[in-house]
Structure formats: C-alpha cells, structure tokens
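Secondary and tertiary structure notes
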Amino acid sequence: MDRNPSPPLTGRDKEEKEEVAGGDCIGSTVYSKHWLFGVLSGLIQIVSPENTKSNSDDEEQQTELDEEMENEICRVWDMSMDEDVALFLQEFNAPDIFMGVLAKSKCPRLREICVGILGNMACFQEICVSISSDKNLGQVLLHCLYDSDPPTLLETSRLLLTCLSQAEVASVWVERIREHPAIYDSICFIMSSSTNVDLLVKVGEVVDKLFDLDEKLMLEWVRNGGTQPLDQPQEESEEQPVFRLVPCVLEAAKQVRSENPEWLDVYMHILQLLTTVDDGIQAIVHCPDTGKDIWNLLFDLVCHEFCQSDDPPIILQEQKTVLASVFSVLSAIYASQTEQEYLKIEKDLPLIDSLIRVLQNMEQCQKKPENSAESNTEETKKTDLTQDDFHLKILKDILCEFLSNIFQALTKETVAQGVKEGQLSKQKCSSAFQNLLPFYSPVVEDFIKILREVDKALADDLEKSFPSLKVQT
C-alpha cells in the first residue's frame, strides 16, 4: 500500500524515551501519549471558534504554520505509519480534528500534513473503513481536490488511491466522485496544466483506478467532455467544452515523458482502457489533432524510446506492461481510422521493425536457463515465471494482431521498400512468420504473394523455412 513520505524526525528522542518509560507509551512503540495529546490539543486550538473568529477579523487569514507546531505535527505524520499510533489516533478521534483543520485552515502546509496523516492511517484496513464511512470527512477530503496547493493535491490523491485500492470501500468513493462532477474538471485541469510530475503520476493512478473499477464512470467522463460556460446554453454554443478528457491525458503524458518515460505506464494504461469502449476510441480519433498527437507520441515511443535495438533483450521484462498498453492503443487507432493523414502507409515499415524487434526480444526472454543458482524456492520461481509468461503472452497477442493488420495493408511498393531498407529481411520475416503462424495464416500467405512479385528468391527461402506456406500458395 502506498504511504505518504514525511520530513525526518526532529530531536528530543532521548527525552521522549525517558517519558514513556513509565507506561506512557502508545502500544508497543516508544511514542508518548502525553506528547501526542499535546500536539492534537494544539491543532484543536487552531480550529477553535475563538481562533477562527479572530482570524476572520483579519484581512488575510493565517497561511504560515508556526515552526514549532510544524515540527511537532510532522513528527505525528511520521509516527502515523505505525499501526499502533494510527489506531490510537483513530481512538482519539483525530480524523475529526483533521477534518476541522481542512475545513477551516487556510495554511497550505498544515492542510498537506493533515491529509498526509490521514493517508498513512488509511493504509490500515480497519481505519480505512472508518474514514470512508464518515460522509462529512469524505466530503471534506474530496473538496481538497479543488485545492490550488500541489503538495496538498498530491497527498489527497495518495489518500484517494489508498481507499480505492481497498475492495471494502472502493465503491463508496467511486459513487462519491460520481456525485461531484466538478472533480472531473479539477482533475482535467491538473492533468492539462501541472508541471509537478509526482502529482501528475499520482492523479493518473487515481484516474486509472477509477476507470478500472467502474466503466460507467469512465464513459460518463468521456461523454461529458467538460462544462459549458454558465451564461451560454449548450444548444446555442458552437465552442468546444472547456475541458476534454483525452487531450488532458495527452498533455499529462507529454509532461511525464519529459521527466522520465518509465513513468508513462499509468497514462498509457488509461488510454488503453479508453480503447476498450467505442466512445473511448472515438474520443481519441474524432478530433484529428488529438488523434494525430497521440499517434505521434506513441509512435515515437516504440520507435525511439522503448525496447531499442541496442537494449538488452531483458529490458522487455521491465517494459512489457507499458509496451502492451502503447501497442494496444496504436493498434486500436490503426484499425479504426486508417484513412487519417497521420496513418500514411510509409509509417508501416518503422512499426513493423519495432513489432518484430519486440517479438525477437520476447523469444530471448522466454528461454529458460537450464540450471539456476538462485536461492529462491522452486515454488517461488514457478509463480514468478508464470506471472511473467502471462504478461508476455498478453503482449504477444497484441503484437501479432497489430502486425497482421499492418501486413494486410502493405502494398507492393511498400514491401519493395521494406526489403531494400532491411525491415523485411529474411531474418525479420522469419521472426514475424514464426509468431503469426498458424493463427494468421491467410495474412502471411497474402504477404508471400506480394513478396514473390518483389523478390522471388526471398519468397522461396521463406517457403522452405515454413513448408506449410508452400503447400497453400
């Protein structure tokens, strides 16, 4: 389960250990109940009616956190990763205190820390269920998604992802999010405008989890598109909605890629989920500019970023899930919008080269060593291999379907160019055939017919290597 990071502990550890030696400790820890009560009492004072009233008289409410209080509450943040401390906070009704802070405080740092502590507490199932069942707290936490402070948004996203990952309460949060359409606008705004990659990745994980849990919500977000200006009826407006999901996902993916392409997995999977429904595919390809930008981004990733010719074959084990998403989306776009300008046939050859290269690496990865000197148990090895084989099989199925679709679109001129430039050499064609046969036999047979017109010797060599083709052609 994802847990929130926190600043390092400050001093006074020695004094605290002496204090708790007399039975003041929380559970089996060395943390002091008395000290923790003091910190929580300080928080209560911050949101007390008297303090709130005095703040409201000022033109600007307090936005800075006292240094001593910040150090103390940061220590609670760190402590809350311990289950005994988290349970003690729950028993002391700390979530209600944090809810009061979030509802009334204008201090970004204090709000960030309070959400962070709740996020740590939610890592424990019993507490997660309790937090999730509190409607008022749920409303306050969702309202934090409208915050303008990136660290607070990051901690809120972490907390939501933790709750959405708990089967007992996931549906509660999905329904709450569905009841707040403005959350869609806020998430779209973050994805389309934030430069904080940590925040973008975590928000992407939340969206990915939501879509994976509830296809209906995904369809609603795709179809809604965004909000019309309040003073303009929708039927009279010719302008596009303010926010649209797919362009926002694309912008976030571009920003994440600029930092590290390895973090793209979550946004590629969001696009893959969108292609599982017709409305999602249409949302990708309906706007030519968006479809072109997504195609070009993914095309560039598979041709120049992932699983390159100078990478060791084992790199495929690290990239197999993101490659499955990328090729799945490319395949869906290719199959649905072949008339688009950005899908010109000359781009087929680089794609064929990338597809075959991944298939060749897959063959290397699936070769099992005869003897293993690793210390893992045989049962553990078997489980790991089975999981890897499962993901590789999914990737292989996607690759073969995509490759067969490209083969069907090849013209005589393109095949001649591919033979000349090496994308359709004997070795690469053999690798392709080995994976396409026997499930895509008609596609391979048609390709051989075209190849025979271009290079009869190469076609004959391939038929010798695959006798089943010679019988049927």
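All values reported here derive from a predicted model rather than from experimental measurement.

So, the packing of helix α15 (residues 245–259) against helix α16 (residues 265–274)
Any two packed helices are characterised by how steeply their axes cross, that is the angle between the axes, and by the distance between the axes. Where α15 contacts α16, the two axes come as close as 9 Å, and the packing angle between them is 155°. In terms of orientation, α15 lies roughly antiparallel with respect to α16. Helix-helix and strand crossings are classified by hand; for α15 and α16 the assignment is left-handed. In contact with L245, V246, V249, A252, A253 and V256 of α15, α16 contributes Y267, M268, I270, L271 and L274. Class assignment of the residues belonging to the contact of α15 with α16 gives a composition of 11 nonpolar, no polar and no charged.

Thoughts on the side chain of E112
Mapped onto the fold, E112 is located in helix α7 (residues 108–121). On the accessibility criterion, E112 (11% relative accessible area) is buried. Apart from residues lying up to four places away in sequence, E112 is in contact with W77, D149, P151, T152 and E155.

Description of the nonpolar core
Residues Y267 and F433 are the most contacted members of the largest nonpolar core, which totals 152 residues. No other element matches the 11 residues that helix α19 (residues 315–336) contributes to this core. When neighbours within four sequence positions are excluded, Y267 is seen to be in contact with M191, L200, V203, G204, V249, A252, A253 and V256.

A closer look at the pattern of salt bridges
Side chains that differ in sign of charge can pair as their charged atoms come close. Across all of its chains, the model carries 19 salt bridges by this definition. One salt bridge in this structure joins R109 and E112, with 2.9 Å as the shortest N-O distance. With a gap of three residues between them, R109 and E112 both fall in helix α7, about one helical turn apart. For R109, a relative accessible area of 23% gives the class partly exposed. With its nearest N and O atoms 2.7 Å apart, the salt bridge here joins E463 to R452. One end of the pair, E463, is in helix α25 (residues 456–465); the other, R452, is in helix α24 (residues 441–454), with 11 residues separating them in the sequence. The exposure class of R452 is partly exposed, given its relative accessible area of 30%. Each of the salt bridges in this network shares a partner with another, and the network as a whole consists of E175, R178, D214 and E220.

Scoring rules and cut-offs
- Residues numbered from 1 in each chain as written.
- Predicted model: local features only at pLDDT ≥ 70, side-chain atom pairs only at ≥ 80, totals over all residues.
- Heavy atoms only, no water.
- Axes fitted to C-alpha atoms, helices over the stretch in contact; angles between N-to-C directions.
- Helix = DSSP H or I, 4+ residues; strand = E, 2+ residues; numbered from the N terminus.
- Parallel < 35°, antiparallel > 145°, perpendicular 65-115°, else oblique.
- Left-handed = near helix turned anticlockwise from the far one by under 90°.
- Contact = heavy atoms within 4.5 Å.
- Nonpolar A, V, L, I, M, F, W, Y, C, P; charged D, E, K, R; others polar.
- Buried < 20%, exposed > 50% of the residue type's maximum accessible area, 1.4 Å probe, protein only.
- Core = buried A, V, L, I, M, F, W, Y, C linked by side-chain atoms within 4.5 Å.
- Salt bridge = Lys/Arg side-chain N within 4 Å of Asp/Glu carboxyl O.

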